[in-house]
Amino acid sequence: MSHIIVTGGAGGIGGAVHEKLVSEVDSVSLFDNAFPERPLNCACENSGGTRIKCDVTSMSEVVGAVRLAEAEHGAVSGLVIAAGILRPGHAESTEPQDLKDMLSVNILGASNVIQAAVPSMIRNGGGQVVVISSNSARIARADLAGYSASKAGLSMLARSYALHLAEYGIGVNIVSPGSTRTDMLGVAVADAERGGATRGTPSRFRVGIPTGRICEPEEIAEIVAFIVLGKAPQLVAADIVLDGGASLGA
């Protein structure tokens, strides 16, 4: 039985991953704080996935969500960490609370879910974890200071966890998208459509996108599915960048 948990499953990249996986695995459990409240210990089936409201920054909520998912669908065989938030800001404008929130969701939230799901994955004989980071983790962005820092920390967390979990048959890898057409980007998507992201902004030390377009969530989902379905079992602690060449191979 294959049972994969996807965080941030209400939309964006997480939603695209769900759509890709739903016909290829036995069960998908979707975690997202945006889901409506449900009665205690009740999951909601929707479009082939079990939706569970969960704040990933709360370890108690995460543990409860994993237990509920496991009770519904059995041991966890794969995990996709797609929950994340972006709040722009530079050296003079980054709000302390924004930075705290990004570190909490993007790093602590990922750690909570991995730690809560790992025992189930070990009981299942191993599995795959895919962490959605960002090309901002490796290329500094003047107006994404806190976001870049949170994603850099997330990538290193994933690599470190990969080293420990490999002996249990659990592969941990990173997928780092560039500008992608999701609601989280908001104004950035409109800017990209006008050519801002593709041309670059030299005054803000921002390179363009050589392919001339932003990425679609479905493109990210294809790579994520390939990894989380165990089709590359020797892939461990890898970071696959999908940004149309925007990070210049850095």
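Residues numbered from 1 in each chain as written. Predicted model: local features only at pLDDT ≥ 70, side-chain atom pairs only at ≥ 80, totals over all residues. Heavy atoms only, no water.

1. As for the packing of helix 2 (residues 59–73) against helix 3 (residues 96–123)
So, point 1. Here helix 2 crosses helix 3 at 30 degrees, and the two axes come no closer than 8 Å. Taken together, the axes of helix 2 and helix 3 lie roughly parallel to each other. Considering how the two elements wind past one another, helix 2 and helix 3 form a crossing that is right-handed. Residues Met59, Val62, Val63, Val66 and Glu70 of helix 2 form the contact with helix 3, whose participating residues are Asn112, Val113, Gln115, Ala116, Ala117, Ser120 and Arg123.
So, point 2. Of the residues assigned to the contact of helix 2 with helix 3, the class counts are 7 nonpolar, 3 polar and 2 charged. (Axes fitted to C-alpha atoms, helices over the stretch in contact; angles between N-to-C directions. Helix = DSSP H or I, 4+ residues; strand = E, 2+ residues; numbered from the N terminus. Parallel < 35°, antiparallel > 145°, perpendicular 65-115°, else oblique. Left-handed = near helix turned anticlockwise from the far one by under 90°. Contact = heavy atoms within 4.5 Å. Nonpolar A, V, L, I, M, F, W, Y, C, P; charged D, E, K, R; others polar.)

2. What about the environment of Ile81?
So, point 1. Residue position: Ile81 is located in strand 5 (residues 78–81).
So, point 2. The spacing of Ile81 and Ser133 is 52 residues in sequence and 8.8 Å in space, taken between C-alpha atoms.

3. Some words on helix 2
So, point 1. For helix 2, built from 15 residues, the straight-helix expectation of 21 Å at 1.5 Å per residue is met to within 8% by its first-to-last C-alpha distance of 21 Å.
So, point 2. For helix 2, the set of buried residues is Val62, Ala65, Val66, Leu68, Ala69, Glu70 and His73.
So, point 3. Downstream of helix 2 by a residue or two, Gly74 has a phi angle that is positive, lying close to 90 degrees. (Expected span 1.5 Å × (residues − 1). Buried < 20%, exposed > 50% of the residue type's maximum accessible area, 1.4 Å probe, protein only.)

4. Some points on the side chain of Thr180
So, point 1. Looking at where Thr180 falls in the secondary structure, it is placed in the loop between strand 7 (170–177) and helix 5 (187–193).
So, point 2. For Thr180, a relative accessible area of 3% translates into the label buried.
So, point 3. Side-chain polar atoms of Thr180 contact the backbone oxygen of Gly178, separated by 2.9 Å. (Polar contact = N/O pair within 3.5 Å; in protein donor to acceptor, adjacent residues only side chain to side chain.)

5. Remarks on the confidence of the model for the protein
So, point 1. With 89% of its residues at a pLDDT of 70 or more, the protein shows a mean pLDDT of 90.
So, point 2. In the model, residues 39–44 has pLDDT below 50 throughout and makes 11 contacts with residues more than four positions away in sequence or in other chains. (pLDDT = per-residue confidence, 0-100.)

6. A look at the nonpolar core
So, point 1. In this structure, Phe31, Leu79, Ile114, Val129, Val131 and Val172 are the most contacted members of the largest nonpolar core, which totals 32 residues.
So, point 2. Going through the elements one at a time, helix 2, strand 5, helix 3, strand 6 (127–132), helix 4 (145–165) and strand 7 are the ones with two or more residues in this core.
So, point 3. Per-element accounting of this core gives the leading share, 8 residues, to helix 3.
So, point 4. Leaving out residues up to four positions away in the same chain, Phe31 has contacts with Ile5, Val6, Thr7, Gly8, Gly9, Ile52, Cys54, Ala65, Val66 and Ala69.
So, point 5. Counting residues in hydrophobic clusters, the runner-up holds 23 residues, among them Ile13, Val25, Cys215 and Ile220. (Core = buried A, V, L, I, M, F, W, Y, C linked by side-chain atoms within 4.5 Å.)

7. Thoughts on the side chain of Ser29
So, point 1. Structurally, Ser29 is set in strand 2 (residues 27–32).
So, point 2. What makes Ser29 buried here is its relative accessible area of 0%.
So, point 3. A distance of 2.7 Å separates polar atoms of two side chains, one belonging to Ser29 and the other to His3.
So, point 4. If near-sequence neighbours (up to four positions away) are discounted, Ser29 is found in contact with His3, Ile4, Ile5, Val6, Thr50, Ala69 and His73.

8. Describing helix 4
So, point 1. The end-to-end C-alpha distance of helix 4, which contains 21 residues, comes to 30 Å, matching closely the 30 Å that a straight helix rising 1.5 Å per residue would cover.
So, point 2. Residues of helix 4 that are buried: Gly146, Tyr147, Ser148, Ser150, Lys151, Leu154, Ser155, Leu157, Ala158, Ala162 and Leu165.

9. Observations concerning the pairing of strand 5
So, point 1. Both faces of strand 5 are covered, namely the face carrying Gly78 and Val80 and the face carrying Leu79 and Ile81.
So, point 2. Sheet analysis places strand 1 (residues 3–7) next to strand 5, joined by 4 bridges and oriented parallel. Residue pairing for strand 5: Ile5 is matched across the bridge by Leu79.
So, point 3. Here strand 5 pairs with strand 6 via 4 bridges, running parallel. (Pairing = 2+ DSSP bridges.)

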